[in-house]
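A structural walkthrough
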Amino acid sequence: MLEYARIAEEGGYEAVWVPEAWSSDAFTLLGAIASHTTRLQLATGIVNIYSRTPSLLAQTFATLDELSNGRAIIGLGTSGQQVVERWHGVSFERPLRRMREVVDILRLALSGKRVDYEGEFFKVSGFTMLIKPVRARIPIYLATFKPQSLRLTGEIADGWLPTHLSLAQLPAMRADLAAGEAKAGRLAGSVDLAAQTLTSVSDNGDEARLLCAQHLAYYIGGMGTYYHELMHSYGYGDEADRIQARWKAKDREGAARQVSRAMLDALVIAGTRDECLEAIAKRKVAGIEHIVIFPPHGAAVADVKRTLAALAPAQRT
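Criteria and thresholds
- Residues numbered from 1 in each chain as written.
- Predicted model: local features only at pLDDT ≥ 70, side-chain atom pairs only at ≥ 80, totals over all residues.
- Heavy atoms only, no water.
- Helix = DSSP H or I, 4+ residues; strand = E, 2+ residues; numbered from the N terminus.
- Contact = heavy atoms within 4.5 Å.
- Polar contact = N/O pair within 3.5 Å; in protein donor to acceptor, adjacent residues only side chain to side chain.
- Core = buried A, V, L, I, M, F, W, Y, C linked by side-chain atoms within 4.5 Å.
- Buried < 20%, exposed > 50% of the residue type's maximum accessible area, 1.4 Å probe, protein only.
- Phe/Tyr/Trp six-rings, centres within 6.5 Å; stacked < 30°, edge-to-face > 60°.
- Lys NZ or Arg CZ within 6 Å of the ring centre and 35° of its normal.

Glancing now at the environment of Ala195. In this fold, Ala195 is placed in strand 9 (residues 192–201). C-alpha of Ala195 to C-alpha of Ile293: the two residues are 98 residues apart in sequence and 8.2 Å apart in space. Sequence-distant contacts of Ala195, defined by excluding residues within four places in its chain, comprise Pro162, Leu165, Ile288, His290, Ile291 and Val292.

To continue, consider the side chain of Arg107. With respect to the secondary-structure elements, Arg107 resides in helix 5 (residues 95–110). A polar side-chain atom of Arg107 sits 3.1 Å from a polar atom in the side chain of Asp158. Those residues within four positions of Arg107 in sequence are excluded, and the remaining contacts are Arg137, Ile138, Ile140, Ile156, Ala157 and Asp158.

Another aspect to go through is the nonpolar core. If you look at the biggest cluster of nonpolar residues, it comprises 93 residues, and the most contacted ones within it are Leu76, Leu106, Trp160, Leu165, Leu216, Met231 and Met263. With eight residues, the next largest nonpolar core counts Trp17, Ile46, Leu161 and Val292 among its residues.

This paragraph deals with the packing of aromatic side chains. Each aromatic ring pair is summarised here by two numbers: the centre-to-centre distance and the angle between the ring planes. Within this structure, the stated rule accounts for nine aromatic pairs. Centroid distance Trp22 to Trp87: 5.6 Å. Interplanar angle 85 degrees. Geometry classified as edge-to-face. Of the two residues, Trp22 is situated in the loop between strand 1 (15–18) and helix 2 (26–36) and Trp87 in helix 4 (residues 81–87); the sequence distance between them amounts to 65 residues. A relative accessible area of 40% means that Trp87 is categorised as partly exposed. Where Tyr226 meets Tyr227, the ring centres are 5.0 Å apart and the plane angle is 90 degrees; that geometry is what we call edge-to-face. For Tyr227, a relative accessible area of 15% puts it in the buried group. An aromatic cluster is defined as three or more aromatic residues linked by ring pairs; in this entry it consists of Tyr218, Tyr219, Tyr226, Tyr227 and Trp247. One Lys or Arg, Arg252, reaches over the ring of Trp247 and ends 4.0 Å from the middle of that ring.

What follows is the structure, given as C-alpha cells:
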C-alpha cells in the first residue's frame, strides 16, 4: 500500500482512497500513508456509519487531518444489513436518518464547537474535542445510489462517491442530487463527483477486461442482492441473472463469462492504455469530475503498479 501511494504521489494523482471491508482498517493505513507522503489527499473510501460512533469518527478524522497537515477527506457509507448486523452486531435501522445525524455531529465536532445534539439515534451533550483539525471543514463524501439517498447527498455532502456508476444513468442521478442541492439552497453542481471505477490496464486488453469481469461477477453473484438489483436497474438484468445463477452453482469462471462487453464498457475502465485513456476522456465529457480508479480483486501487485503508472496524470499532460 505504501508503495502504491508513493507511485501515486510521484505520478500526480490527487488522492488515495482506502476502503474498509473485511481486511485492514482504513485509518491505520491512512496514518501510515500520511507519514510517507507530502501532497496526496487521504480519504476513506469508505468507512461505514454503524461500527463507530459519530464522536469517535470526528476524533479519528481530526487526528488524520492533523497528522497529514490538512489532507484528510471523509468518505462515508451505510454499508448493508449483512455487514452491519452479522459482522458488527449492530441493528441496521433507518440508514438515511442515521447518516444525516452522523454528518450533523461530525460538522459540529470538527468545527471546534461544543456538541449538544438531540437526534433520533444519537443524543450527545457536552462533547468538545481537544484536538483541532487543520481545517474546520473537512470535505465529506457519501457513497450513495438510490434516489432518496442521492437527494440527501445533494443536501448535506461536499461530494458523491458512487461505485460501479453507469454513464447511461448519470443524468437521472444528477437530477436527484440537484433536487437535494435545491432543497438546501445550494447551486446545482455544488456536490463534487468522485466515481470509484474498476480499472485495469494491460498490453493485452482482453486480460484486463477479464480481471474486471471476474470482479463484477463476484459483486453481482456473491455480494448479497444489492449489486444484482443495481444491474437490473441499469438494464443488464439478463446478464445479472445469468451471473448470479453461475455463481450460485460455484462456476466462477462461467459467471465471469456472462459479463457482457456492453456492461464492461459502461461500468469499468479496462483494456490497453489507449483504450483506458479513451474511457477516461469519455467520463470526463459526461461530467465526472474525479475518477477514483481501483484495481479488481485478483490483480497482482505488478498489475496494479502498471495501471497506476500507465494512467498517471503526469503522463497524460
